[in-house]
Amino acid sequence: MAAQAWRRALARRAYAALLGLATPAYLGKLWLRGRAEPLYRHAIGERFGRYGALQPDRAAHQSWVWVHAVSLGETRAAAALIDALRAALPGLRLLLTCGTATGREAGAALLREGDRQVWLPYDTAGATRRFVEAFRPAVGVLMETEIWPNLLHAARANGVPVVLANARLSEKSARKGERLQALLHPAVESLALVLAQTEADAQRLRASGAPRVEVCGNLKFDMAPDAAQLERGRAWRAASGARPVVLAASTREGEEGPLLDAWRRAMSPHADVDGAAANTARPRLLVVPRHPQRFDEVAVLVAQAGLSLTRRSRWNGDAPDADALAADAWLGDSMGEMAAYYAAADAALLGGSYAPLGGQNLIEAAACGTPVVMGPHTYNFAEAADLSIAAGAAQRVADIGEGVRAAVALARPGANAAMARHALAFAAEHRGAAARMARRIADVAAEVSRDGSEATMTITTR
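All values derive from a computational prediction rather than experimental measurement.

### Focus on the sheet that holds strand β7 (residues 213–215)
In step 1: Strands sit in the order β3-β2-β1-β4-β5-β6-β7 across an open sheet of seven strands; the sheet is parallel. Bordering the open sheet on either side are β3 (116–119) and β7, each of which pairs with just one other strand. Averaged over all adjacent pairs, the angle separating strand axes in this sheet is 20 degrees, with direction ignored.
In step 2: Alignment of strand β1 (residues 64–68) against strand β4 (residues 139–143), held across four bridges, turns out to be parallel. Bridge pairing in β4 links Val-67 to Val-141.
In step 3: Set on the sheet, helix α2 (residues 72–88) makes contact with β1, β2 (93–98), β4 and β5 (162–167); between it and β4 the angle comes to about 150 degrees.

### Some words on the pairing of strand β12 (residues 347–350)
In step 1: With burial as the criterion, each face of β12 is covered, one bearing Ala-347 and Leu-349 and the other bearing Ala-348 and Leu-350.
In step 2: As judged from the two bridges shared by β12 and strand β13 (residues 372–374), these two strands associate in the parallel manner. By the bridge assignment for β13, Leu-349 is matched with Val-373.

### Considerations on the confidence of the model for the chain
In step 1: Summarising the model, the chain shows a mean pLDDT of 89, and 92% of its residues fall at 70 or more.
In step 2: Looking across the chain, the model is least confident in helix α6 (residues 171–179), with a mean pLDDT of 82, and most confident in β12, with 98.

### Some points on the packing of aromatic side chains
Two descriptors summarise a pair of aromatic rings, namely the distance from one centre to the other and the angle between the planes of the rings.
In step 1: One pass over the full model with this rule turns up 13 aromatic pairs.
In step 2: Judged by centre distance (4.2 Å) and plane angle (10 degrees), the ring pair of Tyr-26 and Tyr-122 falls under stacked. Within this pair, whereas Tyr-26 is found in helix α1 (residues 2–36), its partner Tyr-122 is found in the loop between β3 and α4 (125–135), the two being separated by 96 residues in sequence.
In step 3: For the pair Trp-236 and Trp-315, a centre-to-centre distance of 5.2 Å together with 85 degrees between the ring planes defines the contact as edge-to-face. Taken together, the positions of Trp-236 in helix α9 (residues 227–240) and Trp-315 in the loop between β10 (309–311) and α12 (322–326) put the pair 79 residues apart, joining distant regions of the chain.
In step 4: Classification of Trp-236 as buried rests on a relative accessible area of 1%.
In step 5: A connected cluster of aromatic rings, assembled from ring pairs, spans Tyr-51, Trp-64, Trp-66, Phe-131 and Phe-135.
In step 6: Positioned over the ring face of Trp-119 is Arg-47, at 3.7 Å from the centre of the ring.
In step 7: Lying across the ring of Phe-381, Arg-168 places its NZ or CZ 5.2 Å from the centre.

### Description of the side chain of Arg-284
In step 1: Tracing the chain through its elements places Arg-284 in strand β9 (residues 284–289).
In step 2: No salt bridge is formed by the buried Arg-284; the nearest opposite charge belongs to Asp-328, separated by 6.6 Å.
In step 3: Of note is the side chain of Arg-284, whose polar atom sits 3.2 Å from the backbone oxygen of Ala-324.
In step 4: For Arg-284, the side chain forms a polar contact with the main-chain oxygen of Ala-327, separated by 2.6 Å.
In step 5: Look past the residues within four positions of Arg-284 in its chain and what remains in contact with it is Ser-240, Arg-243, Pro-244, Val-245, Val-246, Trp-263, Ala-324, Leu-325, Ala-327, Asp-328, Ala-329 and Trp-330.

### What to know about the packing of α1 against helix α7 (residues 181–189)
In step 1: For the pair α1 and α7, interaxial distance at closest approach is 8 Å and the crossing angle is 100 degrees. Comparing the axis directions of α1 and α7 gives the class roughly perpendicular. Packed against α1, whose contacting residues are Arg-7, Arg-8, Ala-11, Arg-12 and Tyr-15, the element α7 presents Ala-182, Leu-183, His-185, Pro-186 and Glu-189 at the interface.
In step 2: Here the contact of α1 with α7 is built from residues that sort into five nonpolar, one polar and four charged.

### Re the sheet that holds β9
In step 1: Taken together, the seven strands give an open sheet; going across it, the order is β10-β11-β9-β8-β12-β13-β14, and neighbouring strands pair in parallel fashion. Because the sheet does not close on itself, it has two edges, and the strands there are β10 and β14 (394–396). Neighbouring strand axes in the sheet, compared pairwise and without regard to direction, differ in orientation by 20 degrees on average.
In step 2: The strands that helix α11 (residues 295–304) touches are β9, β10 and β11 (329–331); relative to β10, the one it contacts most, it runs at about 165 degrees.
In step 3: Across the face of the sheet, helix α15 (residues 382–390) comes into contact with β13 and β14 while running at roughly 110 degrees to β14.

### Considerations on the pattern of salt bridges
In step 1: Per the stated rule, a full pass over the model turns up 26 salt bridges.
In step 2: Salt-bridge contacts for Arg-33 lead to Glu-37; the nearest nitrogen and oxygen are separated by 3.6 Å.
In step 3: What makes Arg-33 partly exposed here is its relative accessible area of 25%.
In step 4: Glu-37 gets classed as buried once you look at its relative accessible area, which sits at 11%.
In step 5: Put simply, Arg-294 and Glu-297 hold a salt bridge, and the shortest N to O gap is 3.1 Å.
In step 6: Through salt bridges with shared partners, a single ionic network connects Arg-232, Arg-312, Asp-318 and Glu-337.

### Some remarks on the pairing of β2
In step 1: Taken across its six residues, β2 has five buried, putting it largely inside the fold.
In step 2: Pairing analysis gives five bridges linking β1 to β2, with the strands arranged parallel. Each residue of the ladder has a partner; that of Val-67, found in β2, is Leu-96.
In step 3: This β-α-β element, β1 to α2 to β2, shows right-handed connectivity.
In step 4: Across four bridges, β2 lies against β3 in parallel orientation. From the neighbouring strand, Leu-96 faces β3, where its bridge partner is Gln-117.

### Description of a positive patch on the surface
In step 1: The grouping of Lys-172, Arg-175, Lys-176 and Arg-179 at the surface amounts to a positive patch.
In step 2: In this structure, Arg-179 sits in helix α6.

### Side note on unusual backbone geometry
In step 1: Its identity is not glycine, yet Arg-136 carries a phi of approximately 40 degrees, on the positive side.
In step 2: Checked against the element boundaries, Arg-136 lands in the loop between α4 and β4.
In step 3: Judged by its relative accessible area of 5%, Arg-136 falls in the buried class.
In step 4: One non-glycine residue, Asn-166, adopts positive backbone phi at about 55 degrees.

Conventions we followed
- Residues numbered from 1 in each chain as written.
- Predicted model: local features only at pLDDT ≥ 70, side-chain atom pairs only at ≥ 80, totals over all residues.
- Heavy atoms only, no water.
- Pairing = 2+ DSSP bridges.
- Helix = DSSP H or I, 4+ residues; strand = E, 2+ residues; numbered from the N terminus.
- Axes fitted to C-alpha atoms, helices over the stretch in contact; angles between N-to-C directions.
- Contact = heavy atoms within 4.5 Å.
- Buried < 20%, exposed > 50% of the residue type's maximum accessible area, 1.4 Å probe, protein only.
- pLDDT = per-residue confidence, 0-100.
- Phe/Tyr/Trp six-rings, centres within 6.5 Å; stacked < 30°, edge-to-face > 60°.
- Lys NZ or Arg CZ within 6 Å of the ring centre and 35° of its normal.
- Lys, Arg positive; Asp, Glu negative; His and termini not counted.
- Salt bridge = Lys/Arg side-chain N within 4 Å of Asp/Glu carboxyl O.
- Polar contact = N/O pair within 3.5 Å; in protein donor to acceptor, adjacent residues only side chain to side chain.
- Parallel < 35°, antiparallel > 145°, perpendicular 65-115°, else oblique.
- Nonpolar A, V, L, I, M, F, W, Y, C, P; charged D, E, K, R; others polar.
- Right-handed = clockwise from strand over helix to strand, strands pointing away.
- Patch = residues over 30% accessible without salt bridge, like charges linked within 9 Å, V, L, I, M, F, W, Y side chains within 5 Å.
- Areas by Shrake-Rupley, 256 points an atom, 1.4 Å probe, with all protein chains shown as cover.
- Charge placed at Lys NZ, Arg CZ, Asp CG, Glu CD.

This is the structure in structure tokens:
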């Protein structure tokens, strides 16, 4: 035990030293990203636990419920959980932290009077201590995979219980974690509760040191697509007329080149019977990059591939204009319209799954009734991917060439109807995780109150 304690102490010191050395690079990265996304340059002091007029108050017992959702995907999933927490914890004051500009922008819509949104601090001992002491939340909720050693150490030192919600841990990440177990295991062991997406995730999290793990399902099934966006996307599809729409959803760096090569082959006059030659109208490609800073780069790639292109941001109004209807490809370069893009598509290619990147969330596609064609790499959403295939809502292919051919075939008139029905049924079948997680988080908050902790809850549980 003494040797283990020594290794853990040494690991934290080494981690602290590395963070200190990396601080200038971290600041530089924020400033550079701020050129394309100005929000990264907003309130940089918060990144280091500096919150201006809000000074630490050790005497005040706040009713803050702190939820951390690092980026856009986690923030969207957190919306359902936050709604369920408001029902379970009347009087809740939400403290929402994010790490990315897109996450913070989306998170602003989740706030109510009395709530607050700040950046999660850089994981140094000083910044995380200042954050916890400034707000002293009654309970903290980290989303999915956010394990930060100093943050969790500061929370534990100040009596703040932290729950890891919608938790997932792939085999690949678990293997990496084992190489850093002296640093990561103490952080995982400090969690008050882990609410895992699947039993496989739960087993890996227990092996990583989590003391209390329960399976609650995946919050992303509780994400209801915005009705106005669905209507907008369907109008785009109707405007496309006889030309089917194939969506490349949330593509990542390195994926668009092979995608465009495969698309050119499928559109050639010599394409096989499953390709474009089997259609009476040439399909249209809709590309939506995952990261907004890559919009211009992807536009150049599409043009270099010889496809005529229009960008969603430049349409003359809210519907495809004449230039858009004449184009071979659309670039989805707007934020917050993913449901509209799915609704506009006859079939979707799942970004992140054709290169070894772990895949993207396919549940939103299912909720929009859009059939998905995924590649071999879906380890970040392994169970959801397998369940969607079993439900007839998606299919898996070996590579992007096969994926394009399959998506083009699905886009033929009437070919996707059965998969679209199966997708909607699949999404509906697995809802309910938000209410289950909110009940367990409320239980943790109540335990704190009964124990008389310094972070005593001033809100009541239902």
